[in-house]
Amino acid sequence: AMTKITHRTTPQAVMALDVGDSRVGVALARLDVRIASPLTALARGTSLWQELRTLIEGHGVGLLIIGLPRGLDGQETVQTRASRSFMRQALAEFGIPVIAQDEALTSVKAEQELHARGKPFQKGDVDALAATYILEDYLSEHLREAL
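Residues numbered from 1 in each chain as written. Predicted model: local features only at pLDDT ≥ 70, side-chain atom pairs only at ≥ 80, totals over all residues. Heavy atoms only, no water.

Asker: Quick rundown of the overall build of the chain? Include the residues and the values.
Answerer: Tallying secondary structure elements over the chain gives four helices and five strands in all. Along its sequence from the N terminus, the chain presents helices and strands in the succession β-β-β-α-β-α-β-α-α. Computed over the C-alpha atoms, the radius of gyration of the chain is 15 Å, within 12% of the 15 Å expected from 2.2 N^0.38 for a compact globule of 147 residues. Along the longest, intermediate and shortest principal axes, the C-alpha atoms of the chain span 40 × 35 × 30 Å. A total of 147 residues make up the chain; the buried ones form 42% of that total. In the chain, 63% of the contacts between residues at least 6 apart in sequence involve partners at least 24 apart. (Helix = DSSP H or I, 4+ residues; strand = E, 2+ residues; numbered from the N terminus. Rg over C-alpha atoms; globule rule 2.2 N^0.38 Å. Buried < 20%, exposed > 50% of the residue type's maximum accessible area, 1.4 Å probe, protein only. Contact = heavy atoms within 4.5 Å.)

In structure tokens:
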């Protein structure tokens with residue numbers, strides 16, 4: 001089993017993930033500024049957990065937010081269950097708090113935003129921006145709470 005992540009200092013950042021079938025969008029917010037920014041998108045492959053671990057340790061992440069997609073009527077879908085499964089695995093891998101954040105159409109919104117900017121973009125950019133929206137939603141709901 002992988003070792004749990006240990007913080008020698010207080011956590012410095014919170015990270016959000018937009019979990020997709022082929023990629024995971026990653027966004028980050030430092031706790032002192034609390035501004036969410038796109039970080040990267042990682043391929044869903046054998047090295048995913050190690051790459052996430054490197055990012056979490058490198059940025060001093062103490063809390064992981066995972067987008068929980070729902071159906072149009074708020075019902076659980078195959079994607080919802082996949083995200084819940086990913087959450088359980090993340091908790092087991094990293095041992096830091098993992099929280100679900102309901103997300104609605106963040107990928108659609110992200111794609112529209114990138115189109116509106118009129119610059120070329122890749123699929124990974126959409127995923128990273130979608131993760132940023134998830135993180136912004138979390139921060140706006142929990143801004144007054146300390147980690």
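Asker: Explain the layout of surface pockets residue by residue, including any values.
Answerer: Put simply, the largest pocket is a space of about 640 Å³. Those elements giving two or more residues to the lining of the largest pocket turn out to be strand E1 (13-19), strand E4 (61-69), helix H2 (78-94), strand E5 (98-103), helix H3 (106-117) and helix H4 (123-142). In terms of residue class, the lining of the largest pocket is made up of nine nonpolar, eight polar and 10 charged. (1 Å grid on protein atoms, 1.4 Å probe; cavity = no way out; pocket = protein on both sides within 12 Å on 5 of 7 lines; lining within 4 Å. Points joined across faces, edges and corners; volume = space filled by probe spheres on them. Nonpolar A, V, L, I, M, F, W, Y, C, P; charged D, E, K, R; others polar.)

Asker: Give me the sheet that holds strand E2 (residues 23-30): which residues, what numbers.
Answerer: With mixed pairing, the five strands of this open sheet are ordered in space as E3-E2-E1-E4-E5. A strand with exactly one partner marks an edge of an open sheet, and here the two such strands are strand E3 (37-43) and E5. For this sheet, the mean angle separating the axes of adjacent strands, direction not counted, is 25 degrees. As paired elements, E1 and E4 share five bridges and run parallel to each other. Bridging from a neighbouring strand, Ala13 pairs with Val61 of E4. Along the sheet face, H2 touches E1, E2, E4 and E5 and points at about 165 degrees away from the line of E4. (Pairing = 2+ DSSP bridges. Axes fitted to C-alpha atoms, helices over the stretch in contact; angles between N-to-C directions.)

Asker: Can you lay out the packing of H3 against H4 for me, pointing to particular residues and giving the numbers?
Answerer: Contact geometry of H3 with H4 gives a least axis separation of 8 Å together with a crossing angle of 120 degrees. Here H3 runs over H4; the crossing is right-handed. Along its contact with H3, which presents Thr106, Ser107, Lys109, Ala110, Glu111, Glu113, Leu114 and Arg117, the element H4 presents Asp125, Val126, Leu129, Ala130, Tyr133 and Ile134. Here the residues of the contact of H3 with H4 are counted per class, giving seven nonpolar, two polar and five charged. (Left-handed = near helix turned anticlockwise from the far one by under 90°.)

Asker: How would you sum up a nonpolar patch on the surface? Please name residues and give values.
Answerer: Taken together, Leu72, Leu105 and Val108 make up a surface patch of nonpolar side chains, about 350 Å² in accessible area. With respect to the helices and strands, the residue Leu72 is situated in the loop between E4 and H2. Of the residues examined, Leu72 reaches a relative accessible area of 81% and is grouped as exposed. (Patch = residues over 30% accessible without salt bridge, like charges linked within 9 Å, V, L, I, M, F, W, Y side chains within 5 Å. Areas by Shrake-Rupley, 256 points an atom, 1.4 Å probe, with all protein chains shown as cover. Salt bridge = Lys/Arg side-chain N within 4 Å of Asp/Glu carboxyl O.)

Asker: I'd like a description of the pairing of E4, backed by residues and values.
Answerer: Regular strands place side chains that alternate from one sheet face to the opposite one. Here E4 lies mainly inside the structure; nine of its nine residues are buried. When E4 meets E5, the two strands line up parallel, connected through six bridges. Pairing of Leu64 across the sheet is with Val98, part of E5. Between the parallel elements E4 and E5, the chain passes through H2 in a crossover that is right-handed. (Right-handed = clockwise from strand over helix to strand, strands pointing away.)

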